[in-house]
Amino acid sequence: MNVFKVWVRWRPLNPSEAGAGEIQREYGQHHNNPQSCTSVTSPLQTKALSTREKSWKSGFSFDGILERDDNNHVVFNRVVAPVLPEVLEGKSRNFFAYGHSGSGKSHTMIGYNFENPDEFGMCLAAARQLSAALEEINLGDSNHQFGLGLRVFELRKNIAFDLLNERNECFVREGSDGRVYIRGETEMLENGKVRVRPIATKACWSFEDLHRELQKGLKHRRTATSTVHDQSSRTHAVIELEIITKELLDARDQVVERQSELVPVGKHATDVYIEEQSRAIIQTEPGKYAPNPDYQMDQARVDAAEAQKAEFESRVKKAEEHESEVFATTARAHRCIGGKLVFVDLAGAEFLSSTTTSSAPKQTPQEKQEGRQINTDLLALKEVIRALSSKKSRIPYRSSPLTMVLREHFEASADTHSAMILTVSPEANQYTATTNTLKYGDLVGLANGHKK
């Protein structure tokens, strides 16, 4: 069963915000959790705030409150560090940062200081600790060399931008097998091969490798000035860390290679069949189709093309079986293989409502359009979480590209818990945006069995 833990993180007031006043907040206790309930009140008495909005109280839905003096090191130790032993057992964990722009999502997930370990974002802090654990495993095993596979991409609508491959544009598609694939544009190779590469995986055999690759990738991340924040993210950023070996990555590359060989052969078989079918029929004067008396379909030609296609399909299957065998053999020696952490820095959620102050600048048409898609993604994510927590038979993954991409990660972590960090601003002018963030998290927490 997927269980979501929900944490609230208040950021400090910026010097420029000091004169606006601060949101008043109190915490309530439920069972052994002293901070599971939050009550917030705005000090502003404006007409933009209705009576209902002037004070809001959550259910007992939060697993903890992280105050403005808690740095990233404290957040990591409380939220992420406890699950790392399970990742080293081969399990998967997902972490989300949700909040309006400027509330501290990217600071929490990615961090802006790449030199001070106390200020590392969650992904880099986790990579540092996992790398140290893998070094110890490698010292005791000369047959396997474990490292971390790093994937970093941004998602906008149904397009993913591969940040570790020069921001290569990829597309989100559901295959005939029901799985969701993120693949780049088609590459034409020698001998008629056609290759469609997946999101790049950078093999990092030390923390220094990963530290360097992550920074290189993040330089390709796009930000823009918005009405709320001068470095506002308009995309969802996804960072994946997976425990891998060279043999496993080589086996996956072989699958891609065999698939590349299959594409032209499969196309040829389809072309032959269509060509033979077209020759075997004619169109009569009334516009109907009938068998062509002057041509007999060459079934032997069709069968030969289909046989060649079947041969190449079997090569793909063998490559896939080899990949599974490599994984299973390694897992018998070390269960850590395939352990995964997924960090999602969600796009700013300020679009869920208008700001509380009438003096705030209006959103541009482009921001409104982007906001509608972000709104769709975030609503879909909430509904997927609620459906998973309620053990519904149908999970609405197809509601948005974001939830389609996350489907694999949700299913891989079905027997574990994920966590959502609600990043909120204490500035009085951000009261509505902050309460909307808390309300979103409240619904997620309540869906996971927390009581009102």
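Note that this is a predicted model, so its numbers are computed, not measured. (Residues numbered from 1 in each chain as written. Predicted model: local features only at pLDDT ≥ 70, side-chain atom pairs only at ≥ 80, totals over all residues. Heavy atoms only, no water.)

Next up on the list: the overall build of the protein chain. Across its full length, the protein chain carries 10 helices and 18 strands. Buried positions account for 47% of the 452 residues belonging to the protein chain. Contacts spanning at least 24 positions in sequence make up 70% of the contacts within the protein chain whose residues lie at least 6 apart. Summed over all atoms, the accessible surface of the protein chain reaches about 22100 Å², with 48% contributed by carbon and sulfur. (Helix = DSSP H or I, 4+ residues; strand = E, 2+ residues; numbered from the N terminus. Buried < 20%, exposed > 50% of the residue type's maximum accessible area, 1.4 Å probe, protein only. Contact = heavy atoms within 4.5 Å. Areas by Shrake-Rupley, 256 points an atom, 1.4 Å probe, with all protein chains shown as cover.)

On to the packing of aromatic side chains, then. How two aromatic rings sit relative to each other is set out by the distance from centre to centre and by the angle between their planes. Going through the model one piece at a time under the given rule, you end up with 7 aromatic pairs. Residues Phe 4 and Phe 96 carry aromatic rings whose centres are separated by 5.7 Å and whose planes lie at 35° to one another, so their mutual orientation is tilted. Here the residue Phe 4 occupies a position in strand S1 (residues 3–10), and Phe 96 occupies one in strand S6 (residues 92–98), the gap between them amounting to 92 residues. Considered together, Phe 4 and Phe 96 belong to a single accessibility category, that of buried residues. Each ring, one from Phe 120 and one from Phe 207, has its centre 6.1 Å from the other, and the planes form 40°; the classification is tilted. Of this pair, Phe 120 sits in the loop between helix H3 (105–109) and helix H4 (122–139) while Phe 207 sits in helix H5 (residues 207–218), and the two are 87 residues apart along the sequence. Assigned by exposure class, Phe 120 and Phe 207 land together as buried. Site record: aromatic cluster; members linked through ring pairs are Phe 4, Phe 96, Tyr 397 and Phe 410. One Lys or Arg, Arg 25, reaches over the ring of Trp 10 and ends 4.2 Å from the middle of that ring. (Phe/Tyr/Trp six-rings, centres within 6.5 Å; stacked < 30°, edge-to-face > 60°. Lys NZ or Arg CZ within 6 Å of the ring centre and 35° of its normal.)

With numbering aligned to this structure, UniProt lists the feature "coiled-coil region" (unreviewed entry) at residues 295–322. In residues 295–322, the share of helix is 86% and the share of strand is 0%. The end C-alpha atoms are 45 Å apart. (UniProt positions renumbered as here; feature names shortened; annotations may be inferred.)

What follows deals with the UniProt feature "binding site: ATP" (unreviewed entry) in the protein chain. Residues given the UniProt feature "binding site: ATP" (unreviewed entry) here are Gly 99, His 100, Ser 101, Gly 102, Ser 103, Gly 104, Lys 105 and Ser 106. One can find Lys 105 in helix H3. Setting aside anything within four residues of it in sequence, one finds Lys 105 in contact with Ala 97, Tyr 98, Gly 99, His 100, Asp 345, Leu 346, Ala 347, Gly 348 and Thr 423. Among the structural elements, Ser 106 can be located in helix H3. When near neighbours in sequence (up to four residues on either side) are disregarded, Ser 106 contacts Gly 111, Tyr 112, Arg 221 and Asp 345.

Taking 1.5 Å of rise per residue, 18 residues should cover 26 Å, and H4 covers 26 Å from first to last C-alpha, within 8% of that figure. The set of residues buried in H4 consists of Met 122, Cys 123, Leu 124, Ala 125, Ala 126, Ala 127, Leu 130, Ser 131, Leu 134 and Asn 138. (Expected span 1.5 Å × (residues − 1).)

Turning to a negative patch on the surface, a few remarks are in order. Taken together, the side chains of Asp 298, Asp 303, Glu 306 and Glu 313 define an acidic patch exposed on the protein surface. Mapped onto the fold, Asp 303 is located in helix H7 (residues 299–333). Residue Asp 303 is classed as partly exposed on the basis of its relative accessible area, which comes to 42%. (Patch = residues over 30% accessible without salt bridge, like charges linked within 9 Å, V, L, I, M, F, W, Y side chains within 5 Å. Salt bridge = Lys/Arg side-chain N within 4 Å of Asp/Glu carboxyl O. Lys, Arg positive; Asp, Glu negative; His and termini not counted. Charge placed at Lys NZ, Arg CZ, Asp CG, Glu CD.)

We now examine the pattern of salt bridges. All chains considered together, the criterion is met by 26 salt bridges. Two residues, Glu 22 and Arg 25, come together in a salt bridge whose shortest N-O distance is 3.4 Å. In this structure, the salt-bridge partner of Glu 383 is Arg 386, at a minimum N-O distance of 3.7 Å. In this pair, Glu 383 and Arg 386 both sit in helix H8 (residues 365–389), 3 residues apart, roughly one turn of the helix. For Glu 383, a relative accessible area of 32% translates into the label partly exposed. Connected via shared salt-bridge partners are Arg 151, Glu 240, Glu 242, Arg 252 and Glu 323.

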